[in-house]
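# Architecture and fold: a report
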Amino acid sequence: MSIRIDRVVTRGGDSGQTSLGDGSRVGKDSLRIEVLGALDELNAVLGLVRAHATQPGGQAETRVEKELATLQNLLFDMGAELCVPEGPKTSRVKPVAEQVVTELESWIERMRADQQPLSGFVLPGGALAACWAHMARTQTRRAERQLVALGRHETLNPVLLKILNRMSDYFFVLARYFNQNGQSDLLWQPRVSSTAE
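Here is a short report on the structure shown in this document. Quick caveat: nothing in here was measured; it's all calculated off a predicted structure. (Residues numbered from 1 in each chain as written. Predicted model: local features only at pLDDT ≥ 70, side-chain atom pairs only at ≥ 80, totals over all residues. Heavy atoms only, no water.)

### Describing the pattern of salt bridges
To keep it simple, the criterion reads: By definition here, a salt bridge exists when the distance from a side-chain nitrogen of Lys or Arg to a carboxyl oxygen of Asp or Glu is within 4 Å. Numbered from the N terminus, helices here are DSSP runs of H or I no shorter than four residues, and strands are runs of E no shorter than two.
All told, the structure shown has 10 salt bridges when counted by the stated rule. Note that Arg50 and Glu65 form a salt bridge whose closest N and O atoms lie 2.3 Å from each other. Taken as a pair, Arg50 in helix 1 (residues 31-52) and Glu65 in helix 2 (residues 62-82) lie far apart in primary sequence, 15 residues in all. Among the charged side chains, a network of salt bridges with common partners joins Arg63, Glu67 and Arg110.

Take a look at the structure:
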């Protein structure tokens, strides 16, 4: 599908409304726009993950780079589906398929198989790429919450929610991957309450 953008400044949103995929207008604070905004924020964070997804020698990790590129495009696919209000979809908007969930699960399990067993709750931190992967995980959860809210008002493709749930898991294991497969994870150290009086 080829898209041509002739203008960036349209002034169409100056009154606090924006256009959806079918041409209808909604407020920029509508639930649908909140979901689309959360997906956009997540995509921007993925750009930062990709920028820092390098090996110690400075060489880009080809497999992870390809996965992240796939996820960025997937987020646009999801946005394209969500920007068309409930009702008949045009031929240009295809629902995201269930096979995406299976693919994400295979990526997660492949990475997880090489990782140190979890011995506690992992704090966001460590290598810079790991920090951004944790940020992507939290942004994914935000998008998931917004999608759940929208789903209370209309019927959505259930695959979209599954994807966000798996994507959060992916970013968790990706953060551990960047932290030497969990060897340099930062673990939660609970504060010990004093019982002395």
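### Remarks on helix 5 (residues 158-178)
In plain terms, the rule: Between the first and last residue of a helix there are one fewer steps than residues, each counted as 1.5 Å, and that sum is the expected span. Identification of polar contacts relies on pairs of N or O atoms within 3.5 Å, with a donor-acceptor requirement for protein atoms, meaning one able to donate a hydrogen and the other able to accept it, and with residues adjacent in sequence counted only if both atoms are side-chain atoms.
Taking 1.5 Å as the rise per residue, helix 5 with 21 residues should run 30 Å; its terminal C-alpha atoms sit 31 Å apart, in good agreement. Its side-chain oxygen 3.0 Å from the backbone nitrogen of Val159, Asn157 forms the N-cap of helix 5. After helix 5 finishes, the residue Gln180 shows a positive phi value of roughly 55°.

### What about the side chain of Asn181?
Definition in use: By definition in these notes, contact holds between two residues if any of their heavy atoms fall within 4.5 Å.
Looking at the element boundaries, Asn181 is found in the loop between helix 5 and strand 4 (186-187). Once residues lying within four places of it in the same chain are set aside, the contact partners of Asn181 are Met111, Asp114, Gln115, Gln116 and Arg176.

### A word on the packing of helix 1 against helix 5
What describes two packed helices is the angle between their axes and the distance between those same axes. The criterion, for reference: Interaxial angles span 0 to 180 degrees and are taken between N-to-C directions of axes, which are lines fitted to C-alpha atoms, for helices over the stretch in contact. By definition in this entry, angles of less than 35 degrees are roughly parallel, angles greater than 145 are roughly antiparallel, angles of 65 to 115 are roughly perpendicular, and the rest are oblique. Whether a crossing is left-handed or right-handed is set by the direction in which the near helix is turned from the far one by less than a right angle, anticlockwise for left-handed and clockwise for right-handed. Residue classes follow a fixed rule: Ala, Val, Leu, Ile, Met, Phe, Trp, Tyr, Cys and Pro count as nonpolar, while Asp, Glu, Lys and Arg count as charged, and any other residue, Gly among them, counts as polar.
Look at helix 1 against helix 5: their axes get within 14 Å of each other, and the N-to-C directions meet at 20°. In this view, helix 1 runs roughly parallel relative to helix 5, as classed from their interaxial angle. Crossing angle aside, the handedness with which helix 1 passes helix 5 is left-handed. Residues Leu39, Leu42, Leu46 and Val49 of helix 1 pack against Leu164, Met167, Phe171, Leu174 and Phe178 of helix 5. Of the residues that constitute the contact of helix 1 with helix 5, the class distribution is 9 nonpolar, no polar and no charged.

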